Amino acid sequence: MLQQKSQKNRKDINKRLNEGCGQGRGINYKPAIWIIDFPSQGFSVQGLGWKTQREHHLFSMSEFRYFYALEWSPIVIDIREQFPLELEETLDIAKQCGYKHPVNPNTGEPNVMTTDFVVTIPGSTCIGIMDQARTVKPSRELQDPRVLEKFEIERRYWESHKTSWGIVTEQDIPEVLVKNVEFLHNYFFIENLSPLSELNIKQITAVLAKGVIQGDVSLSDLAARCDERLALEAGSSLAVARHLIANQQWLIDMNQPLQAQFRKKLALLATPSLKYEINKSC
């Protein structure tokens, strides 16, 4: 039964590639592999990606955590996960190296290889933007000869495309930052604050900003008082605070646990503006 399902999933993936998945950028990009292909192994991002405004399909906790680090990075413009490599090229590379190309265990047919992330960042004045390919793997698996063979195929593939390629392990992912971004992620877009109106959000922002700058109470207490003062449902003001931090309208030390920071007077790295800018998902 599992073998039949695996074979069906591979056919679905190949069909998806023929329909244009793996092409485009931003909101128009569709990954080569989706959560529905391997539901027991995958993670989908709650809500929309901040930078892409689309759902992301991730297949390990390491991928999930690296994605959050990319979401926070100020230089990352676009994130494309499960990026398909041209099959004819990877077959040629595997042959040149004397390696066995990954195949479907049920049919023996070669699998389309994918790179976990292709990340777009600003390039030079002449280039505009540039892509970087990154493969995410637990460090303990880097001693596996077969894993290293597949990585060499990937490395050579991206080298031929003049694209930087690298391996990311758990040692490269800042743990506290990632947990903080996860804590904020569902509060980025203004729609996430429903049923609060834009007027409610502006009022809360003004009250919280004044209290954070001039007061000496914890953010949690300040937010609770704000909810009471504006006759709002408990937790409303704290949700707005998370929204402001997610949008970097409030700059704080993201290398310190956020929930601990909320339990004391919030230390801002810069004085916040009372002007509220709306960030909508569509």
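Residues numbered from 1 in each chain as written. Predicted model: local features only at pLDDT ≥ 70, side-chain atom pairs only at ≥ 80, totals over all residues. Heavy atoms only, no water.

In terms of regular secondary structure, the protein is built from 9 helices and 6 strands. Split into buried and exposed, the 282 residues of the protein put 46% on the buried side. Within the protein, contacts between residues separated by at least 24 positions form 65% of all contacts whose residues are at least 6 apart in sequence. About 15,200 Å² of surface is accessible on the protein, with carbon and sulfur atoms providing 50% of the total. (Helix = DSSP H or I, 4+ residues; strand = E, 2+ residues; numbered from the N terminus. Buried < 20%, exposed > 50% of the residue type's maximum accessible area, 1.4 Å probe, protein only. Contact = heavy atoms within 4.5 Å. Areas by Shrake-Rupley, 256 points an atom, 1.4 Å probe, with all protein chains shown as cover.)

We now examine the pattern of salt bridges. Tallied over the entire structure, the rule returns 9 salt bridges. A salt bridge links Arg54 to Glu81; the nearest nitrogen and oxygen atoms lie 2.7 Å apart. Here Arg54, found in the loop between strand S1 (43-44) and strand S2 (57-58), pairs with Glu81, found in strand S3 (residues 78-84); they are 27 residues apart in sequence, far enough to count as distant. The partner of Glu152 in a salt bridge is Arg156, and the shortest N-O contact between them spans 2.8 Å. (Salt bridge = Lys/Arg side-chain N within 4 Å of Asp/Glu carboxyl O.)

Take helix H6 (residues 198-214) next. With 17 residues, H6 ought to run about 24 Å at 1.5 Å a step, and its terminal C-alpha atoms sit 24 Å apart, in line with that. If you check which residues of H6 are buried, you get Asn200, Ile201, Ile204, Thr205, Val207, Leu208, Ala209, Gly211 and Val212. If you follow the buried residues of H6, they end up packed against helix H7 (219-229) and helix H8 (236-246). (Expected span 1.5 Å × (residues − 1).)

Turning next to the packing of H7 against H8. Contact geometry for H7 and H8: axes closest at 7 Å, N-to-C directions at 125°. It follows that H7 is oblique to H8 by the angle criterion. Within the contact between the two elements, H7 uses Leu219, Ser220, Ala223, Cys226 and Asp227 and H8 uses Ser236, Ser237, Leu238 and Ala241. The residue makeup of the contact of H7 with H8, split by class, is 5 nonpolar, 3 polar and 1 charged. (Axes fitted to C-alpha atoms, helices over the stretch in contact; angles between N-to-C directions. Parallel < 35°, antiparallel > 145°, perpendicular 65-115°, else oblique. Nonpolar A, V, L, I, M, F, W, Y, C, P; charged D, E, K, R; others polar.)

Moving on: the side chain of Arg242. Mapped onto the secondary structure, Arg242 falls in helix H8. For the buried residue Arg242, which engages in no salt bridge, the nearest side chain bearing the opposite charge is Glu182, 9.6 Å off. Arg242 has contacts with Phe183, Leu184, Tyr187 and Phe262, leaving out every residue within four places of it along the chain. (Lys, Arg positive; Asp, Glu negative; His and termini not counted.)

What follows is about the packing of aromatic side chains. Counted under the stated rule, the structure contains 11 aromatic pairs. When the ring of Trp50 is compared with that of Phe188, the centres are 4.7 Å apart and the planes differ by 15°; the resulting orientation is stacked. A residue pair is termed long-range when its members are at least 10 positions apart, and Trp50 in the loop between S1 and S2 and Phe188 in the loop between helix H5 (175-184) and H6 qualify at 138 residues. On the accessibility criterion, Phe188 (9% relative accessible area) is buried. (Phe/Tyr/Trp six-rings, centres within 6.5 Å; stacked < 30°, edge-to-face > 60°.)

Our focus in this paragraph is the nonpolar core. Grouped together as the largest cluster of nonpolar side chains are 51 residues, with contacts concentrated most on Phe117, Leu184, Trp250 and Met254. Among the elements of the structure, helix H2 (61-72), strand S4 (114-122), H5, H6, H7, H8 and helix H9 (258-262) are those that each provide at least two residues to this core. Looking at this core element by element, the count peaks at 7 residues for H2. Excluding residues within four positions of it along the chain, Phe117 makes contact with Leu58, Glu63, Tyr66, Phe67, Leu70, Ile79, Arg80, Glu81, Gln132, Ala133, Arg134 and Val136. (Core = buried A, V, L, I, M, F, W, Y, C linked by side-chain atoms within 4.5 Å.)

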